[in-house]
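Overview (structure and organization)
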Amino acid sequence: MNELQQLDLLTIWNNTPFVSGTTGKVLAVAVPDLEMNRVFRITYGYEGGETMYSSYYEGLDVFDYLSDLPYRTQGNAQIDKAVNGSMLQITTQKYKKGFGIHAVGSVQTTLPAGIYDRFITDVGKQSGQPYVMEFALKTDNRQLTTTGPVNNSKKTTWDYPLGGVFVLHIDVLYGGDGAGNDHGSIGAPRLYRTAVARKEQTLNWQKEFPLTHNKPFKLPMKATASSGLAPVYRILKGQEFATIEDGNILNLHTLPEHAEIVVEAFQPGDREWEPTTTTTCTFRFSKGFLVQKDARVELEGGQVLEELIVYGDAGQMGQVVVKNGIVQVKKLILKYTFVPKEWNFITFPSDLDIDKISDLNAKGYYLNNKTSGRGAYYIRSYDTQVRAENPSGSVWKNLETPEVKGLRGYIMGINNALGMDPVEVTFTMDNVSLDFESSIRPLNLTLDLSKVEPGTRQDVYIKPVNVKGNTLKVSVDFQPENLSVLPINHAKALEGMRFTFTPDKRGIRLTLPDQTPAKIAIYNKKGTKLMKAVRYVAPMVLDLSDLKSGTYQMVINYGDATAVRILDF
């Protein structure tokens, strides 16, 4: 409010009386902004000491300065400056708009009917001028209020409704000690336009956001108001760890072992929209992450997470993306919601025993349970041999044991013997490594013969590291006894791959020969911006409903091969 841009609201609050007939009181403060030529009028209220509400008028979109409207002055008057030509100033507050008037003098305006509903101004003696003087406010020739004699240490704020008022008149008078140095200042006199009915708006923001303590970073905060207006943020707890930059960037400059930062979001509204209620998000430091099914988390290589919890269901799965390097997860927990009698696609990061890593048995579900009235779960794998030999037959085969292979696509479901309510199943896996390819890099030399034709010789050269000796040459004759067991040539598979749209063109299927998970990244037309990244297991449908119609580049990483296709829909 003053030149130091500080305002002691507590002092003003303590000096503000309770309004008769209410359970709280309202604090209204005009805060002129000399640089932007704006005035903020902030109102805080406490109902029963609990509920806080606030609102403000901002800028020339809701009020007009009296000095910019038709007016009439009497006496020695200056417009938008003091009587002596300097900037208007009452106590420590400076004003860019208003009147400087020497006693005895006045300023008067005639109000157009229905245009304005409130008048607010500061009045007082110009800073530095000795002795006393007086100010009086009249509406329609009826005196509304007076300051009484005031010296240059007193600033008075007038805030009055204008319902039915036709003439507004301000008198600048002697204070009883003569006319000497009676330089009166009327600071930022504002006529607020009659408010129209404003629309309600809501504010949506997540309640919690987990943070790792790897290194300082900046995080954009993304609360959204239904009006489309930008929210305002402030830190309620944890100011020693973070600051807010550029309005919505949380700069986490100090990262402790365990702490939390609480940030409040609020949208104050404008002439069209009511202010929202406040909402808070708690940013909690830990060595673990919790990823909701509709959320996406990016991890940096080198991080060690004590725990990673990912939620999912048949519709969507929380996305965990490793930007580079390897992330070590000491405990990976997948909380997957199954709907009885519905099949879901699911993939596991390594070879596992479902009975050992899940709570299915504890919840009463057993593999292929044939006992009447008992819960059962089923896992089916895709049988490529059946697909080749009998395309019209069922290509899904029930597993007879709970062992599953890592990075292989399955369908999984539960029966309805225990009811039709959705069931959240917890899968717990220890010591999992995640990298950009979501697999552990091999530590040993592996000879890839997937692109070598049978009956040929492959020469391999090996140069020892830190060992004296010549480069070794190893010749391998590729003579497989059974061609049917050869691994799939992923490069050739991608060359012959086709994709077909669903009837509504909101999804596609890729013709891949087996259930090896493919990594698909969809970029914009120029290939400069990643729009979507998924793990695809044939013959599932790749959902495109969250993308706008247009042209995209689709990058498919399948096995050891990569291809780029243009996607146009």
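To keep things clear, this report deals only with the structure shown in the data block. (Residues numbered from 1 in each chain as written. Predicted model: local features only at pLDDT ≥ 70, side-chain atom pairs only at ≥ 80, totals over all residues. Heavy atoms only, no water.)

Some words on the environment of A225
Put simply, the rule is: Runs of E in the DSSP output that reach at least two residues are strands. Runs of H or I that reach at least four are helices, and both are numbered from the N terminus. Partly exposed residues are those whose accessible area sits between 20% and 50% of the maximum for their type, while under 20% is buried and over 50% is exposed, using a 1.4 Å probe and protein chains only. Contacts: residue pairs with any heavy atoms within 4.5 Å of one another.
Inspection of the secondary structure puts A225 in strand β20 (residues 224-225). Judged by relative accessible area, A225 falls into the buried class, the value being 12%. Linking A225 and Q201, residues 24 residues apart in sequence, is a C-alpha distance of 6.7 Å. Those residues in contact with A225, other than ones at most four positions away along the chain, are Q201, T202, L203 and Q267.

Here we look at the pattern of salt bridges
What counts is decided by this rule: Salt bridges are counted wherever a side-chain nitrogen of Lys or Arg sits within 4 Å of a carboxyl oxygen of Asp or Glu.
As enumerated under the stated definition, the model contains 16 salt bridges in all. Across the pair D64 and R193 runs a salt bridge whose closest N-O atoms are separated by 2.9 Å. Remark: R193 occurs in strand β16 (residues 183-193) and D64 occurs in strand β4 (residues 63-65); sequence separation between them is 129 residues. A salt bridge links K125 to D182, with the nearest nitrogen and oxygen atoms 3.4 Å apart. Of this pair, K125 sits in strand β11 (residues 116-125) while D182 sits in the loop between β15 (167-174) and β16, and the two are 57 residues apart along the sequence. D182 sits in the buried class, given a relative accessible area of 0%.

Focus: the sheet that holds strand β5 (residues 72-74)
We count it as follows: Paired strands, in this sense, are two strands between which DSSP finds at least two bridges. A fitted line through C-alpha atoms serves as each axis, taken over the contacting stretch for helices, and the angle formed by two N-to-C directions is quoted from 0 to 180°.
In space, the five strands of this open sheet follow the order β5-β10-β15-β12-β13, with antiparallel pairing throughout. Since the sheet does not close on itself, it has two edges, and those belong to β5 and β13 (142-146), each with one partner. Adjacent strand axes in the sheet meet at a mean angle of 20 degrees, parallel and antiparallel pairs treated alike. As paired strands, strand β12 (residues 133-139) and β15 are joined by seven bridges and run antiparallel to one another. Counterpart to L137 in the pairing with β15 is I170.

A few points about the pairing of strand β27 (residues 296-299)
Looking down a regular strand, the side chains alternate between one sheet face and the other. Of the two faces of β27, the one holding V297 and L299 is buried and the one holding R296 and E298 is not buried anywhere. The pairing of β27 with strand β30 (residues 319-322) spans four bridges and is parallel. Bridging across to β30, L299 finds its partner in V322.

Brief notes about unusual backbone geometry
A103 connects to V104 through a cis peptide bond whose omega is -5 degrees. In this model, A538 is joined to P539 through a cis peptide bond whose omega is 5 degrees. Take P539: it is sitting in the loop between β45 (530-536) and β46 (542-543). Backbone geometry at Y131 places phi at a positive 70 degrees, although glycine is not the residue there. Structurally, the position occupied by Y131 is in the loop between β11 and β12. A positive phi angle, near 55 degrees, is found at N368, a position not held by glycine. For N368, the location among the structural elements is in the loop between β34 (365-367) and β35 (375-382).

Let's talk about the environment of I411
Within the secondary structure, I411 is located in strand β38 (residues 409-414). Look at I411 and you get buried, because its relative accessible area is 7%. Sequence spacing of I411 and N344 is 67 residues, and the spatial spacing of their C-alpha atoms is 5.2 Å. Residues contacting I411, with those up to four places away along its chain left out, are W343, N344, F345, Y378, I379, R380 and W396.

All we've got here are geometric facts, nothing functional implied.
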